[in-house]
Every structure is written in C-alpha cells, then in structure tokens.
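Structural overview
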Amino acid sequence: MELLCEKYREKVREEEARCHRPQEYCKFRSACIINMLGREREREAAQAQAPEKTRGKEKDA
C-alpha cells in the first residue's frame, strides 16, 4: 500500500514509512500515519535491541 505525505504530496510505500523530514515543522504530523508507523518501527527495533543489551549486563553482574 502507498501512503501520501500531506505536506509534500509524496508517495511512500508502507514498508518504508517514516518521516523523511522530522526536523521540519509539519502541521499534519500529529495525524500522520507515515510518522506513526515510522515511530512504531523505531520503538520495536529499540525494544528488540534492549533485551540483548540487558542479557549481557546480567551475566557480568
């Protein structure tokens, strides 16, 4: 499925959904599905890495 960036009218594939200009102001960001999907993927990736890091620390302690 393709998503549409409301600000720039750019099409983005769902698999690659992330905000390409997160530092710029965007009046659509609070309701942006592209931004939401990108942040969700970042959160999932961070959670996937976090258990690996804590496992190593538990062994050292």
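Going by the structure above, here's the rest.
No experiment lies behind these values; they were computed from the predicted model shown.

Each helix and strand in the chain was counted, giving 1 helix and 2 strands. Starting at the N terminus, the α and β elements of the chain follow one another as β-β-α. Residues counted as buried form 15% of the 61 residues belonging to the chain. When contacts within the chain are restricted to residue pairs at least 6 apart in sequence, long-range pairs at least 24 apart make up 19% of them. Surface exposure of the chain reaches about 5,400 Å², of which carbon and sulfur atoms provide 50%.

The rules behind each value
Residues numbered from 1 in each chain as written. Predicted model: local features only at pLDDT ≥ 70, side-chain atom pairs only at ≥ 80, totals over all residues. Heavy atoms only, no water. Helix = DSSP H or I, 4+ residues; strand = E, 2+ residues; numbered from the N terminus. Buried < 20%, exposed > 50% of the residue type's maximum accessible area, 1.4 Å probe, protein only. Contact = heavy atoms within 4.5 Å. Areas by Shrake-Rupley, 256 points an atom, 1.4 Å probe, with all protein chains shown as cover.

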